[in-house]
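# Observations on chain architecture
Here's the letter readout for the chains.
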Amino acid sequence: MLRIDLFLFFSRVFCYFAYYMKKYRIEVTEILSRIVEIVAEDEEEALQHVKAMYQNCDLVLDASDYVKTEFSVKDE
């Protein structure tokens, strides 16, 4: 009997708080970073080469490249 009463009590409390609580959207952003050394004639060529490596999955950032995590609240 006591077990059922506790269940009813907590289910009502949960429903009360669920009704009055607001829903939030939180964005979690992980930042990864790696410095790649490349030999090229100029900065633009080096940048294009590294971009091509990244797009072809020859350069893949992983957990060892972790820098930080950011959290932000998003508007509904």
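Residues numbered from 1 in each chain as written. Predicted model: local features only at pLDDT ≥ 70, side-chain atom pairs only at ≥ 80, totals over all residues. Heavy atoms only, no water.

## A look at the overall build of the protein chain
Broken down by element type, the protein chain carries 2 helices and 2 strands. Counted from the first residue to the last, the protein chain has its helices and strands arranged as α-β-α-β. Principal axes of the C-alpha set define a box for the protein chain whose edges measure 80 × 25 × 20 Å. A total of 76 residues make up the protein chain; the buried ones form 5% of that total. Within the protein chain, residue pairs in contact and separated by at least 24 positions form 81% of the contacts whose partners lie at least 6 positions apart. If you sum the accessible surface of the protein chain, you get close to 7,600 Å²; carbon and sulfur atoms cover 58% of it. Looking at the protein chain, you have 9 positive and 15 negative side-chain charges, and the mean spots of the two groups are 20 Å apart. (Helix = DSSP H or I, 4+ residues; strand = E, 2+ residues; numbered from the N terminus. Buried < 20%, exposed > 50% of the residue type's maximum accessible area, 1.4 Å probe, protein only. Contact = heavy atoms within 4.5 Å. Areas by Shrake-Rupley, 256 points an atom, 1.4 Å probe, with all protein chains shown as cover. Lys, Arg positive; Asp, Glu negative; His and termini not counted. Charge placed at Lys NZ, Arg CZ, Asp CG, Glu CD.)

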